[in-house]
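Commentary on secondary and tertiary structure
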Number of protein chains: 2
Amino acid sequence: MPDDERASRPGGRTARVRSEVLAAVDAELAEHGYDGLTIDAVATRSGVHRTTVYRRWKSVAGLLVDLLEAGADDSWEPADTGSLEGDLIAVNREIHAALTARPSVTQAVIAASFRTPEAADALTQFWIDRYERTAIVVRRAVDRGEIPPTTDAHQLLLTATAPLYHQLVLLRRPMTRASADEHARIAAASV
Amino acid sequence: MPDDERASRPGGRTARVRSEVLAAVDAELAEHGYDGLTIDAVATRSGVHRTTVYRRWKSVAGLLVDLLEAGADDSWEPADTGSLEGDLIAVNREIHAALTARPSVTQAVIAASFRTPEAADALTQFWIDRYERTAIVVRRAVDRGEIPPTTDAHQLLLTATAPLYHQLVLLRRPMTRASADEHARIAAASV
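Here the structure is a predicted model, which means the values were calculated and not measured.

A closer look at the confidence of the model for chain A
All names here are of chain A. Scored by pLDDT, chain A has a mean of 90; 94% of the residues are at 70 or more. Between residues 1-7, whose pLDDT stays under 50, and residues either more than four places distant or in other chains, the model counts five contacts. Predicted as a complex, the structure gets a pTM of 0.88 and an ipTM equal to 0.88.

Structure, rendered in structure tokens:
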């Protein structure tokens, strides 16, 4: 089979290499953080030859960008709990868990975004995608007649989620899950 | 006059050197960002000998930490507009201006906090101080009978301010001043 054909086949060798390399990036990042992430360690852990990793991803930033882009490809969507408040609490619990995991891949990627413009751009794109998907929570609430159709979805989602990022990432202070729930309730009650 | 005595006199040579060096750090950071900040450039701009800067501040991180600590010493307090909503709008407008200034010293210091633990600790301490000072907005509203005495001041301030930091620093997306005002209104209405 010619290389081109194999490369484009979903689930083929190229897809498998990518998935193995990204799993290794995820694990290395979680164990050693951004500062400890190296292409050599990713190659060793994934079992993919280091020249292949260098040729395809070029740098540590390239690996992180691809990790985020692979995440944006996936089929994630917010849980449907039957109410706006319940849906926002579920979203906030996911964010709270991701930011307080020790180690936290999300925290490592945010740190990386302050080191390289490529990681910053990839993170912005990743979040645009995630906030767009999360807007379904607002559309469902509109459809149920819970909130007006004119509701600003992004403003509502920012009200719910921003306090978690600010407290846990920028202020670098603890936040309980109960407090994360409370910010979801404040947002739900704001419309 | 012995050096020790001179060093401890408020407004003396030591205080003047510190103020000149910190003004230079502020200007260099604003012009070139964290990546362009060097001790040599700070020494040249301030007119303070580079060996003095190296001896006293040791590193670029040391300069940033001192810049933040000097800021926390100052007499900043939130404007008293006569209402909780007005006070929160005034706070949010200050944050919005600081984060959207081009160049923004605040953005540069936040970026630095992801490079060195000293800058991260200094930023956390700086924000703890600022949020404590801003809590007077909540106490005044309690005294006026606008909100219950049991109001969680930090939760209220996070609801108002966090969306600005999340949107402008982490999501790296624009936010209008009108939208910053709106988040202050949402917070004021949440109690």
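Let's talk about the side chain of Ser46(A)
All names here are of chain A. By the secondary structure assignment, Ser-46 is in helix H3 (residues 39-46). Within polar-contact distance, the side chain of Ser-46 engages the backbone oxygen of Ala-43 at 3.2 Å. Polar side-chain contacts of Ser-46 include one of 3.2 Å to the backbone nitrogen of Val-48. Not counting chain neighbours up to four residues away, the residues in contact with Ser-46 comprise Glu-20, Val-21 and Ala-24.

Digging into the interface of chain B and chain A
Each partner contributes to the interface: chain B provides 31 residues, whereas chain A provides 31 residues. Both faces combined, the contact of chain B with chain A buries some 2900 Å², and carbon together with sulfur accounts for 67% of it. When the buried surface of chain B facing chain A is broken down by residue, Phe114(B), Leu170(B) and Arg172(B) rank first, second and third, together holding 24% of it. Linking chain B with chain A are zero salt bridges, by the criterion used here. Where chain B packs against chain A, one counts twelve residue pairs in polar contact (both at pLDDT 80 or more). At the level of secondary structure, the elements contributing two or more residues to the side of chain B that touches chain A comprise helix H7 (105-113), helix H8 (117-134), helix H10 (153-170) and helix H11 (177-189) of chain B. For the side of chain B that touches chain A, the per-class residue count stands at 17 nonpolar, ten polar and four charged.

Focus: the relation of the copies chain B and chain A
Between chain B and chain A, the superposition needs a rotation of 180° and an axial shift of 0.0 Å, giving an RMSD of 0.0 Å. Given the turn and translation reported, the copies of this chain are related as if by a two-fold rotation axis. Taking C-alpha positions as the reference, the residue of chain B nearest the rotation axis is Ala162(B), at 2.7 Å. A symmetric contact is evident, with 100% of the interface residues of chain B recurring at the interface of chain A.

Conventions we followed
Residues numbered from 1 in each chain as written. Chains lettered and ligands numbered in written order. Predicted model: local features only at pLDDT ≥ 70, side-chain atom pairs only at ≥ 80, totals over all residues. Heavy atoms only, no water. pLDDT = per-residue confidence, 0-100. Contact = heavy atoms within 4.5 Å. Helix = DSSP H or I, 4+ residues; strand = E, 2+ residues; numbered from the N terminus. Polar contact = N/O pair within 3.5 Å; in protein donor to acceptor, adjacent residues only side chain to side chain. Buried area = accessible area lost by both parts, 1.4 Å probe. Salt bridge = Lys/Arg side-chain N within 4 Å of Asp/Glu carboxyl O. Nonpolar A, V, L, I, M, F, W, Y, C, P; charged D, E, K, R; others polar. Least-squares fit on C-alpha atoms with pLDDT ≥ 70 in both.

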